[in-house]
2 protein chains.
Amino acid sequence: MSRPVASGNLLLDVPARLADEQFTDLISAPGVRITRIVSTGHATDWQQAEEDEWVLVLQGSGTLRFAPDDRQLVLVQGDWCHIPAGVRHRVEETDARQPTVWLVLHFGGGA
Amino acid sequence: MSRPVASGNLLLDVPARLADEQFTDLISAPGVRITRIVSTGHATDWQQAEEDEWVLVLQGSGTLRFAPDDRQLVLVQGDWCHIPAGVRHRVEETDARQPTVWLVLHFGGGA
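As the structure is a prediction and not an experimental result, all values here were calculated from the model.

Engineer: Even after reading the chapter, I still don't get the relation of the copies chain A and chain B, so can you show me in this structure?
Structural biologist: Mapping between the two copies of the chain is achieved by a rotation about an axis and a shift along the axis. When chain A is fitted to chain B, the best match, at an RMSD of 0.0 Å, comes from turning it 180° and sliding it 0.0 Å along the axis. The superposition operator between the copies reduces to a two-fold rotation axis. A share of 100% of the interface residues of chain A reappears at the interface of chain B, consistent with the copies meeting face to face through the same patch.

The following block contains the structure:
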């Protein structure tokens, strides 16, 4: 008996305004986690993960900041970024005019 | 020394017409592979993988067909589908009017 096929849409049920960023896990399997994140103008603290992170912007926009070189990266629709484990980074800002929808994939660690 | 941050855009450099589907690997790591596929009206043969497959349509549309129950699933922008290892399926058709851009994640096998 095979496991069932699952499906959904990342651009549906996107809240217009959130107190905190919204995290929805789509897949959680050994070594891999797929999550949708919705930000409405949010920023994050500095973070550094033990897993690799691959992010994609589906709607809206977000600005990433990396340490120690202070590099900035603005992501718009279709833009992806691979953040290897151990790279210190933060989301500096997200679109203030519309919700930003991220697809985030964690892999390669204890994900 | 940490590995470098990499980035790109899935919606840039999308060919308008292709003889064969175009496969571009973005990440290839132990247990995880992230690939962009561009289809311009293509269909595929029946396939059955030893890895799980997670697909997302970023642009265009595609119709998946599953065996043995003959279930059909039409995917448009933002739609995702998790196809567990061993589930027999094919791409029955893709958008004839515009290129279809897929993000495909293989995981959980010998990816």
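So, next bit.
Engineer: Help me out: how do you make sense of the packing of aromatic side chains in this one?
Structural biologist: Two aromatic rings, taken as a pair, are described by how far apart their centres are and by the angle between their planes. Residues and elements named next belong to chain A. Per the counting criterion, the structure on display carries 2 aromatic pairs over all chains. Pairing Trp54 with Trp80 gives two aromatic rings, centres 5.8 Å apart and planes at 20°, and the pair type is stacked. Here Trp54, found in strand β4 (residues 52-59), pairs with Trp80, found in strand β7 (residues 79-83); they are 26 residues apart in sequence, far enough to count as distant. Look at Trp54 and you get buried, because its relative accessible area is 1%.

Engineer: Help me understand the interface of chain A and chain B, please; the structure alone is not making it clear to me.
Structural biologist: Where the parts come together, the accessible area they lose is often given as the size of the interface. Contacts between the two partners involve 34 residues from chain A and, on the opposite side, 34 residues from chain B. Together, the buried faces of chain A and chain B total about 3200 Å²; carbon and sulfur atoms form 66% of this surface. Per-residue buried area on chain A facing chain B is highest for Arg3(A), Val5(A) and Trp80(A); these three make up 21% of the total on that side. Linking chain A with chain B are 2 salt bridges, by the criterion used here. Residues Arg3(B) and Asp52(A) are paired through a salt bridge, measuring 2.7 Å at the closest nitrogen-oxygen approach. Across the contact surface, chain A and chain B share 12 residue pairs in polar contact (both at pLDDT 80 or more). At the level of elements, β1 (6-9), β2 (22-29), β3 (32-39), β4, β7 and β9 (100-107) of chain A are the ones that each hand at least two residues to the side of chain A that touches chain B. Pairing analysis gives 4 bridges linking β7(A) to strand β1 (residues 6-9) of chain B, with the strands arranged antiparallel. Across the sheet, Cys81(A) pairs through a bridge with Ser7(B), a residue of β1(B).

Engineer: Mind showing me how you'd approach the confidence of the model for chain A here?
Structural biologist: With 97% of its residues at a pLDDT of at least 70, chain A reaches an overall mean of 94. Overall fold confidence for the complex sits at a pTM of 0.94, while the interface term, ipTM, reaches 0.93.

Reading the values: rules and limits
- Residues numbered from 1 in each chain as written.
- Chains lettered and ligands numbered in written order.
- Predicted model: local features only at pLDDT ≥ 70, side-chain atom pairs only at ≥ 80, totals over all residues.
- Heavy atoms only, no water.
- Least-squares fit on C-alpha atoms with pLDDT ≥ 70 in both.
- Contact = heavy atoms within 4.5 Å.
- Phe/Tyr/Trp six-rings, centres within 6.5 Å; stacked < 30°, edge-to-face > 60°.
- Helix = DSSP H or I, 4+ residues; strand = E, 2+ residues; numbered from the N terminus.
- Buried < 20%, exposed > 50% of the residue type's maximum accessible area, 1.4 Å probe, protein only.
- Buried area = accessible area lost by both parts, 1.4 Å probe.
- Salt bridge = Lys/Arg side-chain N within 4 Å of Asp/Glu carboxyl O.
- Polar contact = N/O pair within 3.5 Å; in protein donor to acceptor, adjacent residues only side chain to side chain.
- Pairing = 2+ DSSP bridges.
- pLDDT = per-residue confidence, 0-100.

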